[in-house]
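Fold and geometry: a report
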Amino acid sequence: MARFEPAALPELLPVFYRRLFPHGAYGRWLGYGGVVKNYFQLREFSFTLRDDIYVRFQSFGSPQELERELQRTNPYKIDIGAVYSHRPNQHNTVHLGAFQPQEKELVFDIDMTDYDDVRTCCSSAEICSKCWTLMTIAVRVIDRALVEDLGMKHRLWVYSGRRGVHCWVCDDTVRKWSPALRAAAVEYLTLVKGGAETVKKVNISEPVHPFIRRSVSVVEKYFEAYALVGQDILGTPESWEKVLALVPEEHRELLRGEFPKKRDSVQRWELLKGRMERTRRMAGTGKSPVCYADWEIMLQYCFPRLDINVSKGVGHLLKSPFSVHPKTGRISVPLDLQRLDQFDPFAVPTISSLCHELDVASDDGEQEDSGETEPKRRTRDYKRTSLAPYVRVFEQFVEEMEHARRGELLRRSDLQGEF
């Protein structure tokens with residue numbers, strides 16, 4: 001893979017926006033089939049340009065106009081905002097208070113830095129293959145709940161390009177949700193609560209909500225490999241004391257005395273888990289209070305950590321899919337949930353590697369495409385690179401939304417015909 005040098009961005013971005021960015025599917029996504037007049041024109045975009053120049057409240061008359069502006073300005077970053085009551089680029093001409101966000105996708109932003117208290121391999125903006133499992137767990141837990149618990153259908157999961165993941169929930173009804181509804185959804189999906197000073201951040205009591213049970217079943221699939229082997233959370237007295245602080249006092253001393261006799265984190269966890277399971281069996285006889293400390297530990301170390309402010313604000317902006325991360329050079333690519341466990345953030349194409357792939361293919365491409373129009377050639381360009389499978393995931397997402405929309409229109413038409 002070609003090495004990314006941030007200094008090369010001004011030279012590489014024009015190639016990216018002209019030959020690699022999936023303009024067609026992108027415009028279809030944000031236009032939502034034109035079911036609402038001027039929908040695309042009312043959408044806010046913001047660009048971060050060279051030298052950290054940040055330009056907000058941009059809007060465009062059509063996806064083609066946006067495409068031309070991307071190719072003209074070559075932004076280092078694209079952010080997508082709300083659909084407003086008036087065109088965002090005219091917000092200064094609108095009467096005070098009249099310019100208001102009307103709707104936007106429900107979004108989630110999950111950032112690895114929020115797990116710094118429970119990961120030992122990395123910190124801050126650093127990630128590695130060990131701690132990336134936390135993002136895999138986050139997607140599995142949240143996506144299951146969105147579909148099965150909240151009835152949502154159209155979810156686009158995207159790698160941020162550096163250290164996290166984003167989710168865009170695009171259902172027609174959800175895009176119209178108020179901040180209060182959005183906040184309620186995030187509250188439902190939140191189990192880890194409390195700041196840095198809070199030792200025990202997950203508390204489970206009877207009756208245990210089905211959401212918690214299902215989340216534990218997801219986390220369990222990854223817990224041994226991630227937490228016990230990868231992070232070795234019970235590997236040393238110092239590390240196991242942090243875990244024992246989450247266990248009720250009446251169990252703590254016994255476990256503290258038995259842990260040194262065990263060989264590793266896996267054996268120590270089996271001891272702790274077995275003791276907690278016995279308390280739950282005994283609770284039915286009234287001889288012991290029920291205890292879910294093992295579940296609470298798994299959730300505190302692995303459960304998704306959401307930023308409620310990102311999700312509840314209709315006017316909040318979020319980085320666009322297919323943005324280029326200016327520090328890593330990686331493309332913010334959609335995630336294929338069918339292959340989520342195989343996703344490797346370090347294998348994501350960078351803008352340097354993609355431009356190199358174009359250079360390698362350029363000679364044959366120029367001969368083959370000599371009689372084709374520019375839009376067709378551009379489509380073929382990204383198909384010649386390692387960006388192609390990610391664009392296909394995105395196109396499938398857009399196609400599924402369009403198919404569902406056509407089905408809903410037919411259903412409404414049939415219902416009207418009955419009267």
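Located above this text is the structure these notes cover.
Here we summarise the structure given alongside this text.

Parameters at a glance
- What you see as residue numbers is a count from 1 along each chain, following the sequence as written.
- Thresholds applied to this predicted model are a pLDDT of at least 70 for local features of residues and 80 or more for the giving and counting of side-chain atom pairs; totals over whole chains, interfaces and linings are not thresholded and use all residues.
- The side-chain values count all of the structure's non-hydrogen atoms but skip hydrogen atoms and water molecules.
- The helix count covers DSSP runs of H or I at least four residues long, the strand count covers runs of E at least two residues long, and both are numbered beginning at the N terminus.
- For this analysis, residues touch if any pair of their heavy atoms sits within 4.5 Å.
- Every accessible area reported is derived by Shrake-Rupley at a probe size of 1.4 Å, with residue values counting cover from the shown protein chains alone.
- In summary, the charge assignment counts Lys and Arg as positive and Asp and Glu as negative, without counting His or the chain termini.
- Charge positions are represented by NZ for Lys, CZ for Arg, CG for Asp and CD for Glu.
- Space inside and on the surface of the protein is sampled on a 1 Å grid over the protein atoms alone, with a cavity defined as a set of points where a 1.4 Å probe fits but cannot get out and a pocket as an open set with protein on both sides within 12 Å along at least 5 of 7 lines; lining residues have an atom within 4 Å of a point.
- Grid points are joined across faces, edges and corners, and a volume is the space filled by probe spheres set on the points.
- Three classes are used, and their members are as follows: Ala, Val, Leu, Ile, Met, Phe, Trp, Tyr, Cys and Pro are nonpolar, Asp, Glu, Lys and Arg are charged, and the others, Gly among them, are polar.
- The rule for pairing is simple: two strands pair if DSSP sees at least two bridges between them.
- Buried residues are those whose accessible area, probed at 1.4 Å on protein chains only, stays under 20% of the maximum for their type, while exposed residues exceed 50% and partly exposed ones sit between those limits.
- Pairs of N or O atoms are called polar contacts if they sit within 3.5 Å, as long as, within protein, a hydrogen donor faces a hydrogen acceptor (for residues adjacent in sequence, only side-chain-to-side-chain pairs).
- Planes of paired rings set the category: under 30 degrees apart is stacked, over 60 is edge-to-face and the rest tilted, where pairs are Phe, Tyr or Trp rings (Trp by its six-membered ring) whose centres lie within 6.5 Å.
- As a reminder, the over-ring test applies to NZ of lysine and CZ of arginine, requiring each to be within 6 Å of the ring centre and within 35 degrees of the ring normal.
- The directions considered for the arc run from the helix axis to the C-beta atoms.
- Like-charged residues within 9 Å of one another, or nonpolar side chains (Val, Leu, Ile, Met, Phe, Trp, Tyr) within 5 Å, are grouped into patches, provided each residue has over 30% relative accessible area and no salt bridge.
- The term salt bridge refers to a side-chain nitrogen of Lys or Arg lying within 4 Å of a carboxyl oxygen of Asp or Glu.
- Each axis is a line fitted through C-alpha atoms, taken for helices only over the stretch in contact, and angles between the N-to-C directions span 0 to 180 degrees.
- Relative orientations are named as follows: roughly parallel for angles under 35 degrees, roughly antiparallel for angles over 145 degrees, roughly perpendicular for angles from 65 to 115 degrees, and oblique for any other angle.
- Throughout, a crossing is termed right-handed when the near helix is turned clockwise from the far one, and left-handed when it is turned anticlockwise from it by less than a right angle.

We now examine the overall build of the chain. Helix and strand counts for the chain come out as 15 helices and 8 strands. Across its three principal directions, the C-alpha atoms of the chain cover 80 × 60 × 45 Å. Here the contacts in the chain between residues at least 6 apart in sequence split such that 68% fall between residues at least 24 apart. Surface accessibility of the chain: about 20,000 Å² in total, with carbon and sulfur atoms responsible for 50%. Where the 60 positive side-chain charges of the chain centre and where its 60 negative ones centre are 3 Å apart.

Our focus in this paragraph is the layout of surface pockets. The gaps of empty space that remain are located by a probe, the size of a water molecule, rolled over the atoms. The calculated volume of the largest pocket comes to roughly 450 Å³. Contributing to the lining of the largest pocket are 17 residues, with Asp 171, Asp 172, Thr 173, Glu 408 and Arg 412 lying nearest its centre. Broken down by element, the lining of the largest pocket gets its largest block of residues, 6 residues, from helix 15 (residues 388–417). Among the residues forming the lining of the largest pocket, the class breakdown is 6 nonpolar, 2 polar and 9 charged.

Here we take up the pairing of strand 2 (residues 53–58). Relative to strand 2, strand 1 (residues 43–49) is paired through 4 bridges, and the arrangement is antiparallel. Paired with Thr 48 across the bridge in strand 2 is Tyr 54. Linking strand 1 to strand 2, which pair antiparallel, is a turn of 3 residues; within it Asp 51 sits at a positive phi near 65°.

Bringing the side chain of Glu 44 into the picture now. The topology assignment puts Glu 44 in strand 1. In this structure Glu 44 comes out as buried when scored by relative accessible area, which is 0%. In terms of polar contacts, Glu 44 uses its side chain to reach the backbone amide nitrogen of Phe 57, at 3.0 Å. Apart from residues lying up to four places away in sequence, Glu 44 is in contact with Arg 56, Phe 57, Gln 58, Asp 79, Ile 80, Gly 81, Ala 82, Tyr 84, Pro 88 and Leu 317.

Our focus in this paragraph is the packing of aromatic side chains. Both the distance between ring centres and the angle between the ring planes are used here to describe each pair of aromatic rings. Following the criterion strictly, the structure yields 24 aromatic pairs and no others. A centroid spacing of 5.3 Å and a plane angle of 70° characterise the contact between Phe 322 and Phe 394, whose relative ring orientation is edge-to-face. In this pair, Phe 322 is assigned in the loop between strand 8 (318–319) and helix 13 (351–368) and Phe 394 in helix 15, connecting sequence segments 72 residues apart. Exposure class is identical for Phe 322 and Phe 394. Each is buried. Counting every residue linked through ring pairs, the aromatic cluster contains Phe 16, Tyr 17, Phe 21, Tyr 26, Trp 29, Trp 168, Phe 322 and Phe 394. Geometry around Phe 57 places Arg 56 over its ring, the cationic atom sitting 4.4 Å from the centre.

Along strand 7 (residues 164–169), 6 of the 6 residues are buried, which leaves the element largely enclosed by surrounding structure. Of the two faces of strand 7, the one holding Gly 164, His 166 and Trp 168 and the one holding Val 165, Cys 167 and Val 169 are both buried throughout. Summarising the sheet, strand 5 (residues 106–111) and strand 7 pair through 6 bridges and their orientation is antiparallel. Each residue of the ladder has a partner; that of Leu 106, found in strand 7, is Val 169. Joining the antiparallel neighbours strand 6 (residues 155–159) and strand 7 is a turn of 4 residues, in which Gly 161 adopts a positive phi near 105°.

Within the sequence span of helix 6 (residues 179–188), burial applies to Arg 182, Ala 183, Ala 185 and Val 186. The buried residues of helix 6 occupy one face: seen down the axis, they fall within an arc of 155°. Buried residues along helix 6 sit in contact with strand 5, helix 5 (172–175) and helix 12 (308–312).

Here we come to a negative patch on the surface. Taken together, the side chains of Glu 220, Glu 224, Glu 270 and Glu 277 present a region of like negative charge at the surface. Those elements giving two or more residues to the negative patch turn out to be helix 7 (210–230) and helix 10 (265–283). Inspection of the secondary structure assignment puts Glu 224 in helix 7.

This part takes up the packing of helix 4 (residues 133–149) against helix 7. The interhelical angle for the contact between helix 4 and helix 7, taken along N-to-C directions, is 160°, at an axis separation of 10 Å. One way to sum up the angle between helix 4 and helix 7 is to call them roughly antiparallel. Our pair here, helix 4 against helix 7, has a crossing hand that is right-handed. Residue-level inspection shows Thr 133, Leu 134, Thr 136, Ile 137, Arg 140, Val 141, Arg 144, Ala 145 and Asp 149 of helix 4 in contact with helix 7, the latter providing Phe 211, Arg 214, Ser 215, Val 218, Val 219, Tyr 222 and Tyr 226. Among the residues making up the contact of helix 4 with helix 7, the classes are represented as 9 nonpolar, 3 polar and 4 charged.

The tally for this structure, following the rule as stated, stands at 28 salt bridges. Across the salt bridge formed by Glu 5 and Arg 3, the nearest N and O atoms sit 3.0 Å from each other. According to the relative accessible area criterion, Arg 3 is exposed, its value standing at 68%. A salt bridge links Glu 44 to Arg 56; the nearest nitrogen and oxygen atoms lie 2.8 Å apart. You can see Glu 44 sitting in strand 1 and its partner Arg 56 sitting in strand 2, a full 12 residues away along the chain.

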